[in-house]
Protein chains: 2
Amino acid sequence: MSTANPAPRRRDPEGRRRAMLIAAGEIITEAGTAALTHRAVAARAEVSLGSTTKYFSSIDDLREAALQYLAQEIDQELATIDFAGIATNPEHAAAELHRFLCDRHAVHATIALLASGATDPQLRSLARRWDDRFIELLTPHIGHAQATAIAVYFNGATLHAGLDEEPLSRDALTAVIRALVAMPGPVTTTQETNP
Amino acid sequence: MSTANPAPRRRDPEGRRRAMLIAAGEIITEAGTAALTHRAVAARAEVSLGSTTKYFSSIDDLREAALQYLAQEIDQELATIDFAGIATNPEHAAAELHRFLCDRHAVHATIALLASGATDPQLRSLARRWDDRFIELLTPHIGHAQATAIAVYFNGATLHAGLDEEPLSRDALTAVIRALVAMPGPVTTTQETNP
DNA sequence: TTTGTACATGTACTTTTGTACATCATGACA
DNA sequence: TGTCATGATGTACAAAAGTACATGTACAAA
């Protein structure tokens, strides 16, 4: 019968929504998408259950928003990676990528994003964007085919980092990057249209 | 009140358990691990709900058994891949791997397995075994470091295949394999122990 | 200070899912 | 052919999660 006695906190819709997205992101990266429930988010973000249902039209909406938030997070981290001179100095790029692989949050966020995209068609474009952006950042330095190869490899390395305690070593990354940068394109480097 | 009237089918514990595992595997590959419920398995395998709870002690047990079954399935498919001559003739190995990537069931099974392993510690060893086996099959031909690099790349390619309609082209795979086979080891090919 | 609206809260209800179990058929064996 | 243990079935109950909503508070405007 009695409802809503205990004193609501200050009104801050944006901050509140953000707090819930952060909480949801943490739940996903720590326990997987299956663990994402209204109640878990409410507890973690320290908001009421009602808030989680009011700011998101459904649990699917909440999940999608959370994954979108995670995508933005790792995208920002990706933006800090310095690919300059990757062709001539692969050690540096490898160290940069190794830094990403040591960030468990980023690693698990990436895995959750990609795995969700493989399952849910609605999230596929979001997952693909991650790949595309990675390739986009790399292509100017080494060409499209090589950038794609490294992007694919790096997704594999991210998976590996999520499964093992330790990510691949800097040396291993360096060797692979060096080899793929020097790789000739699939057929020719520049694409050709034929009749 | 009334229970169990409608005529039970022939008794076949092994076949029944197998039918449920197949159904569970299909559900996982088609709709993701989150869609795996007792009722979904019962409907797909055309057995009673009671059977799904009798053959598996809990839903976690069922999920683990299903993923184990999927792991065995893709392991068998992996065993059919011919890596012979990969060092001198990468086109053939690329074609073999491309064949795997065109099998949507195998691709999604692999993704589900790896993603589950990244989430659930209990399933981690199962997921790691897939990687290890891949490397194990490849190492005799090209050495450990190169085998690991290709295995990591191939996991990325599998993810890619699960996200895009079309997997990477044979040509793209060939180019990468050629580059990674020729890759020098991280430091030296043979490991050294130092004092 | 008063007042009204948007926001926050907790409860209640519904649906989904996991699990236990009473009942009955099946097929092998006596 | 009769009997019995195994196995298969459907229902019932419990727990968990999604969703709706009535209530009450905070803040800003009048």
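Let me begin by describing the structure that accompanies this report.

### A few points about the relation of the copies chain B and chain A
In screw terms, the move from chain B to chain A is a rotation of 180° and a rise of 0.0 Å along the axis, fitting with an RMSD of 0.0 Å. In symmetry terms, the pair is related by a two-fold rotation axis. Comparing interface residues between copies, 100% of those in chain B also sit at the interface in chain A, which points to an isologous, same-surface contact.

### Some words on helix α4 (residues 59-79) of chain B
Because an α-helix completes one turn every 3.6 residues, residues spaced three or four positions apart along the sequence face the same direction. All names here are of chain B. Along its 21 residues, α4 runs 30 Å from first to last C-alpha, staying within 8% of the 30 Å computed at 1.5 Å per residue. Residues of α4 that are buried include every one of Leu62, Ala65, Ala66, Leu67, Tyr69, Leu70, Ala71, Ile74 and Leu78, and no others. Looking at the packing, one finds that the buried side of α4 touches α1 (13-31), α2 (38-45), α5 (90-102), α6 (104-119) and α7 (121-142).

### Focus on the nonpolar core
Buried together is how nonpolar side chains tend to be arranged in soluble globular proteins. Among the nonpolar cores identified, the biggest contains 130 residues, and A:Phe134, A:Leu180 and B:Leu180 are the most heavily contacted of them. Discounting residues that sit within four places of it in the chain, B:Leu180 has contacts with A:Val176, A:Ala179, A:Leu180, B:Gln146, B:Ala149, B:Ile150 and B:Tyr153.

### Quick word on the side chain of B:His108
Tracing the chain through its elements places B:His108 in helix α6. Judged by its relative accessible area of 11%, B:His108 falls in the buried class. Setting aside chain neighbours within four positions, we find B:His108 in contact with A:Ala118, B:Thr29 and B:Gly162.

### Looking at the environment of B:Leu36
Residue and element names in this part refer to chain B. Looking at the secondary structure, you find Leu36 in the loop between α1 and α2. Placed 146 residues apart in sequence, Leu36 and Ala182 show a C-alpha to C-alpha distance of 43 Å. Each residue touching Leu36, except ones within four places of it in the same chain, is listed here: Ala24, Ile27, Ile28, Val41, Ile59, Leu62 and Arg63.

### Considerations on the interface of chain B and chain A
Listed by partner, the interface residues are 37 residues for chain B and 38 residues for chain A. There are four salt bridges connecting chain B and chain A. Close ionic contact of A:Glu165 with B:Arg124 constitutes a salt bridge, the shortest N to O distance being 3.9 Å. Across the contact surface, chain B and chain A share two residue pairs in polar contact (both at pLDDT 80 or more). Only α6, α7, α8 (144-163) and α9 (170-181) of chain B provide two or more residues apiece to the side of chain B that touches chain A.

### A few points about the packing of aromatic side chains
In total, this model carries 10 aromatic pairs over all chains according to the counting rule given. Seen from their ring centres, B:Phe134 and B:Phe154 are 5.2 Å apart, and the 25° between their planes marks the pair as stacked. Within this pair, whereas B:Phe134 is found in helix α7, its partner B:Phe154 is found in helix α8, the two being separated by 20 residues in sequence. Looking at B:Phe134, the relative accessible area reads 2%, which means it is buried. Among the aromatic residues, those joined into a cluster by ring pairs are A:Phe83, A:Phe100, A:Trp130, A:Phe134 and A:Phe154.

### Examining the packing of α5(B) against α9(B)
Residues and elements named next belong to chain B. Interaxial distance between α5 and α9 falls to 8 Å at its minimum, and their mutual angle equals 125°. When the axes of α5 and α9 are compared, the pair comes out oblique. α9 is crossed by α5, and the crossing has right-handed handedness. Counted together, Pro90, Glu91, Ala93, Ala94, Ala95, Leu97, His98 and Leu101 of α5 and Arg170, Leu173, Thr174, Ile177 and Arg178 of α9 form the full contact between these two elements. For the contact of α5 with α9, the class distribution of residues is eight nonpolar, two polar and three charged.

The rules behind the values
- Residues numbered from 1 in each chain as written.
- Chains lettered and ligands numbered in written order.
- Predicted model: local features only at pLDDT ≥ 70, side-chain atom pairs only at ≥ 80, totals over all residues.
- Heavy atoms only, no water.
- Least-squares fit on C-alpha atoms with pLDDT ≥ 70 in both.
- Contact = heavy atoms within 4.5 Å.
- Helix = DSSP H or I, 4+ residues; strand = E, 2+ residues; numbered from the N terminus.
- Expected span 1.5 Å × (residues − 1).
- Buried < 20%, exposed > 50% of the residue type's maximum accessible area, 1.4 Å probe, protein only.
- Core = buried A, V, L, I, M, F, W, Y, C linked by side-chain atoms within 4.5 Å.
- Salt bridge = Lys/Arg side-chain N within 4 Å of Asp/Glu carboxyl O.
- Polar contact = N/O pair within 3.5 Å; in protein donor to acceptor, adjacent residues only side chain to side chain.
- Phe/Tyr/Trp six-rings, centres within 6.5 Å; stacked < 30°, edge-to-face > 60°.
- Axes fitted to C-alpha atoms, helices over the stretch in contact; angles between N-to-C directions.
- Parallel < 35°, antiparallel > 145°, perpendicular 65-115°, else oblique.
- Left-handed = near helix turned anticlockwise from the far one by under 90°.
- Nonpolar A, V, L, I, M, F, W, Y, C, P; charged D, E, K, R; others polar.

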